[in-house]
Amino acid sequence: MIQELLTAAAAAGAVIVVYAGAAARVVKQYERGVVFRFGRLVDEVRQPGITMILPGVDRMHKVNMQIVTMPVPAQEGITRDNVTVRVDAVVYFKVVDAAEALVRVEDYKFAVSQMAQTSLRSIIGKSDLDDLLSNREQLNQGLELMLDSPAIGWGVQIDRVEIKDVSLPETMKRSMARQAEADRERRARLINADAELQASKKLAEAARQMEDTPSALQLRLLQTVMAVAAEKNSTLVLPIPVELLRFLERGGSEPSSPGKAATAPHVSPGPPPVPPILPTEAYLAGHAAAAEAIEDLTGSSVEPAPRDVEERG
């Protein structure tokens, strides 16, 4: 009798252990358990830790509550200023209501991915190229709002959306490079012009200062000579005062007075003149032969000879 009781107790204990093992479930800290009993949702969402269900009756689905990082495939579109670009992004989201994420939508990850792709295409069509390149914060906020409004009904919260890369055509890259180069050249010319203006003002001020102090001009001239001599020792510099050149210019431009006789310029004596060389008989004979040959080739001259003219006269 006692043996039968012990056997029955052991059997009951084994059944209890098997039932507890089948009914016990462990929910991790970053998960939540959603239980369906005979296909109907149980209102209570199981929290992290050990929880019990009815074996064969209940089915529990674990939902990850961590932030999910989902890359959005590159989408090709045409911007508002008719530029073809390829833009890819990344979406950060998490589940805030485990029951809604399982009941409202079949696969919330796939739904968020498709919604992100369509929203990204819509943002590309509504934006300019400059906004995609430099004003990404507002575009990220716009994408987040476009994704967050339908995701709230799925029990999903969009944490952040970031545009990752913008791919441009090669022709557009070259055009932008030329534009940037032209802009830098324009700024360089403006800076040079401003520098020339400031230098001219300083030079004018220095000229007025030197005009009041003539010795300053001589000191500046000596400094220039020293600078040239330090760089190129083979260069010889002979400074000529500007006043001397002005004096010579005024002296050459003044007309002679009518009361004074103009003095003949002093001419330095040179070598004696060379007497002219008289033509020889051979030169005269060669000259006559050449004239006869030219007359044979071209014919007689139309003009009458001087002797005929004298006879007619």
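To be clear, the structure that these remarks concern was listed above.
The notes below deal with the structure included here. In this text, all values refer to a predicted model and were calculated from it rather than measured experimentally.

Cut-offs applied
- Residues numbered from 1 in each chain as written.
- Predicted model: local features only at pLDDT ≥ 70, side-chain atom pairs only at ≥ 80, totals over all residues.
- Heavy atoms only, no water.
- Helix = DSSP H or I, 4+ residues; strand = E, 2+ residues; numbered from the N terminus.
- Buried < 20%, exposed > 50% of the residue type's maximum accessible area, 1.4 Å probe, protein only.
- Contact = heavy atoms within 4.5 Å.
- Areas by Shrake-Rupley, 256 points an atom, 1.4 Å probe, with all protein chains shown as cover.
- Axes fitted to C-alpha atoms, helices over the stretch in contact; angles between N-to-C directions.
- Parallel < 35°, antiparallel > 145°, perpendicular 65-115°, else oblique.
- Left-handed = near helix turned anticlockwise from the far one by under 90°.
- Nonpolar A, V, L, I, M, F, W, Y, C, P; charged D, E, K, R; others polar.
- Pairing = 2+ DSSP bridges.
- Patch = residues over 30% accessible without salt bridge, like charges linked within 9 Å, V, L, I, M, F, W, Y side chains within 5 Å.
- Salt bridge = Lys/Arg side-chain N within 4 Å of Asp/Glu carboxyl O.
- Core = buried A, V, L, I, M, F, W, Y, C linked by side-chain atoms within 4.5 Å.

**Let's talk about the overall build of the chain**
And step 1. Check the secondary structure of the chain and you find ten helices and eight strands.
And step 2. When burial is assessed residue by residue, the chain has 19% of its 313 residues classed as buried.
And step 3. Sequence-distant contacts in the chain: of pairs separated by 6 or more residues, those separated by 24 or more amount to 64%.
And step 4. When the accessible area of the chain is evaluated, it comes to approximately 24,300 Å², of which 58% is carbon and sulfur surface.

**Regarding the packing of helix α3 (residues 108–126) against helix α5 (residues 136–151)**
And step 1. For the pair α3 and α5, the least separation of the axes is 10 Å and the interaxial angle reads 140°. In terms of axis orientation, α3 runs oblique to α5. Like other packed secondary-structure pairs, α3 and α5 cross with a definite hand, here right-handed. Between α3, through M115, A116, S119, L120, S122 and I123, and α5, the contact on the second element is made entirely by L139, G142, L143, M146, L147 and P150.
And step 2. Across the contact of α3 with α5, the residue classes tally to nine nonpolar, three polar and no charged.

**Focus: the sheet that holds strand β6 (residues 68–78)**
And step 1. Strand order in the open sheet formed by three strands is β6-β7-β8, and the pairing between neighbours is antiparallel. Bordering the open sheet on either side are β6 and β8 (156–167), each of which pairs with just one other strand. Across this sheet, the average inter-strand angle for adjacent strands is 25°, counted without regard to direction.
And step 2. Sheet topology note: the strand β7 (residues 84–95)/β8 ladder contains ten bridges and is antiparallel. Within the sheet, the bridge partner assigned to V91 lies in β8 and is V161.
And step 3. Those strands touched by α5 are β7 and β8, and its axis lies near 140° from that of β8.

**Re the side chain of N140**
And step 1. Within the element layout of this structure, N140 appears in helix α5.
And step 2. The contacts of N140, once residues within four sequence positions are left out, are V161, E162 and I163.

**Examining a nonpolar patch on the surface**
And step 1. A cluster of nonpolar residues, V26, I50 and M52, forms a patch on the protein surface that exposes about 330 Å² of accessible area.
And step 2. Along the polypeptide, I50 turns up in strand β4 (residues 49–52).
And step 3. Since its relative accessible area comes to 70%, I50 is described here as exposed.

**A closer look at the nonpolar core**
Within soluble globular proteins, side chains that are nonpolar tend to cluster in buried spots.
And step 1. Core analysis: the largest hydrophobic core is formed by 37 residues, its most contacted members being V85, V91 and F93.
And step 2. Those elements that place two or more of their residues in this core are β2 (31–37), β6, β7, α2 (98–103), α3, α4 (129–134), α5 and β8.
And step 3. For this core, the element with the highest residue contribution is α3, accounting for seven residues.
And step 4. Setting aside residues no more than four positions away along its own chain, V91 makes contact with V68, T69, M70, V72, V112, A116, L147, I158, R160 and V161.
And step 5. Counting residues in each nonpolar core, the second largest holds five residues, with V27, V35, V42 and I53 among its members.

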